[in-house]
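Here is what each chain is made of, one letter per residue.
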Amino acid sequence: MSTISRHTALHAAHEALGASFTDFGGWDMPLRYGSELAEHKAVRAAAGLFDLSHMGEVRVSGPDAARFLNSALAGNLGIVKVGKAKYSLILDENAGIIDDLISYRLAEDEYLVVPNAGNAPTVFAALQERAAGFDVTVVNESDATSLVAVQGPASEAILLSQAPAEQHATITEMPYYAAAPVTIAGIDVLLARTGYTGEDGFELYVSNEQAPALWDALLAAGEGHGLIPAGLASRDSLRLEAGMPLYGNELSLNITPLEAGLGPVVSLKKEEDFVGRAAFEAAKAEGRGTTSGRRLVGLKGLGRRAARGGYPVLKDGVVVGEVTSGQPSPTLGYPVALAMVDVEHSELGTALDADLRGKAEPFEVVALPFYSRQK
């Protein structure tokens, strides 16, 4: 039985640009428009325009909004200032990761929680269930909301060209992980200085009805800055170079925050007893992800062949882990990979091999991220 992928409000625009499509989280999304390598390099050198409308948007509002999110999520959302954002996790009772997400504090009693595409219905259901006993309203706005991202060193200049002069300071002075309502190309958006590429960039939340006009305006405004539309293939290679985890690869219900290297994202200082707290504390006390078990690491290829997700990781011919994501790095010129390996083989500089279909290829454990932009 075949399943029909959902279309974003920009699907016709992607078709007109000659995009190749792929299913991602139940959505028919542009994989590339031409060359994924060209799209990757454009984001590193100039700018890329992404349709991220498959992501979810859940609005949480009410007097108990902060206290509720502190009980529902692993991070401390109560200390986030209005206009700022926080990366967090939603865990199950076993401290397995249901999803990683960003939460924007729009007002003292209002947040916008942004889960990943395929997880959006699950996260919304979990938040609804966990809202019992709190004076909050949890509304799923995913079906009415589009998300467009401008990523790369030219992104700020492109947005300034489309913003009224009185809002220029709001854009130029906006720090990383902050958001504010602005007008771009005459369209009201929530503008956030966030992204998934390792570059400076912005994400723009807009109504579905206004999304095509916003997309066209940004595409036209970016022409003189080297901006091109970019698909999920380049988004994946960009985030991998930046050492950012992808749900379903580096994160899952079978992976805990400690194993994924996201222990600091979990707040044990807040007073709320969030879901998964007891299991997380027990795992931390056992040294899981630090002195026992497994840990996510970065691997630098010492040869020319790339390791792909699912390939075994070897130490002296013995399997000690598995690649979660891997490919050649267009920016760095050598293969890179993320892998979950036994803690005893996770120290920086450790020599490991990836089993590339029966042939051992040399890799070395290195610090993450693989790539950091010049600020």
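Refer to the preceding data block for the structure.
Below: a short report on this structure. Bear in mind that the values here come from a model prediction, so they are computed numbers and not experimental data.

## Concerning the overall build of the chain
A count of helical and extended segments in the chain gives nine helices and 19 strands. Taking 375 residues into account, the globule formula puts the C-alpha radius of gyration at 21 Å, and the chain, at 21 Å, falls close to it. For the chain, the C-alpha atoms occupy an extent of roughly 60 × 50 × 50 Å along the three principal directions. Within the chain, the fraction of its 375 residues that count as buried is 56%. Summing over all exposed atoms, the chain offers an accessible surface of approximately 15600 Å²; the carbon and sulfur share of this is 51%. Positive and negative side-chain charges in the chain, numbering 30 and 47 respectively, have mean positions lying 7 Å apart.

## Thoughts on the pattern of salt bridges
Across all of its chains, the model carries 16 salt bridges by this definition. With a shortest N-O distance of 2.8 Å, glutamate 241 and arginine 44 are connected by a salt bridge. Placement of the pair is glutamate 241 in helix H8 (residues 232–241) and arginine 44 in helix H2 (residues 36–45), with a sequence separation of 197 residues. A relative accessible area of 1% means that glutamate 241 is categorised as buried. The class for arginine 44 is buried, based on a relative accessible area of 11%. By sharing partners, the salt bridges in this structure join Arg44, Glu199 and Glu241 into a single network.

## Brief notes about the sheet that holds strand S18 (residues 351–356)
Sheet architecture is closed into a barrel: six strands sit in the order S14-S17-S16-S15-S18-S19, paired in antiparallel fashion. Pairs of neighbouring strands in the sheet enclose a mean axial angle of 45°, with direction left out of account. Note: strand S14 (residues 294–301) against strand S19 (residues 359–366), four bridges, orientation antiparallel. Among the inter-strand pairings, glycine 298 is bridged to a residue of S19, identified as valine 366.

## A look at H8
Residue pairs three or four apart in sequence face the same way in an α-helix, which turns once every 3.6 residues. Within H8, nine of the 10 residues are buried, leaving the element largely enclosed by the surrounding structure. The complete set of buried residues in H8 reads Leu232, Ala233, Ser234, Arg235, Ser237, Leu238, Arg239, Leu240 and Glu241. With its phi angle positive at about 70°, glycine 243 sits one or two positions after the end of H8.

How each quantity is defined
- Position numbers for residues count from 1 along each chain, tracking the sequence in the order it is written.
- For a predicted model such as this one, the threshold for reporting local features is a pLDDT of at least 70, and the threshold for listing and counting side-chain atom pairs is 80 or more; totals across whole chains, interfaces and linings nevertheless cover every residue.
- Values reported for side chains reflect all heavy atoms of the structure, with hydrogen atoms and water molecules removed beforehand.
- The helix count covers DSSP runs of H or I at least four residues long, the strand count covers runs of E at least two residues long, and both are numbered beginning at the N terminus.
- Atoms counted for the radius of gyration: C-alpha only. Globule rule: 2.2 Å times residue count to the power 0.38.
- Summary of the burial criterion: residues with accessible area below 20% of their type's maximum are buried, those above 50% are exposed, and those between are partly exposed, where the area comes from a 1.4 Å probe applied to protein chains only.
- Using the Shrake-Rupley algorithm and a 1.4 Å probe, accessible areas are obtained, with residue cover drawn only from the displayed protein chains.
- When charges are counted, neither His nor the chain ends are considered; positive counts come from Lys and Arg and negative counts from Asp and Glu.
- To locate a charge, take NZ of a lysine, CZ of an arginine, CG of an aspartate or CD of a glutamate.
- The term salt bridge refers to a pairing of a side-chain nitrogen on Lys or Arg with a carboxyl oxygen on Asp or Glu at a separation within 4 Å.
- For two strands to pair, DSSP has to find at least two bridges joining them.
- Note on geometry: axes are lines fitted to C-alpha atoms, helical ones only across the stretch in contact, with angles between N-to-C directions running from 0 to 180 degrees.

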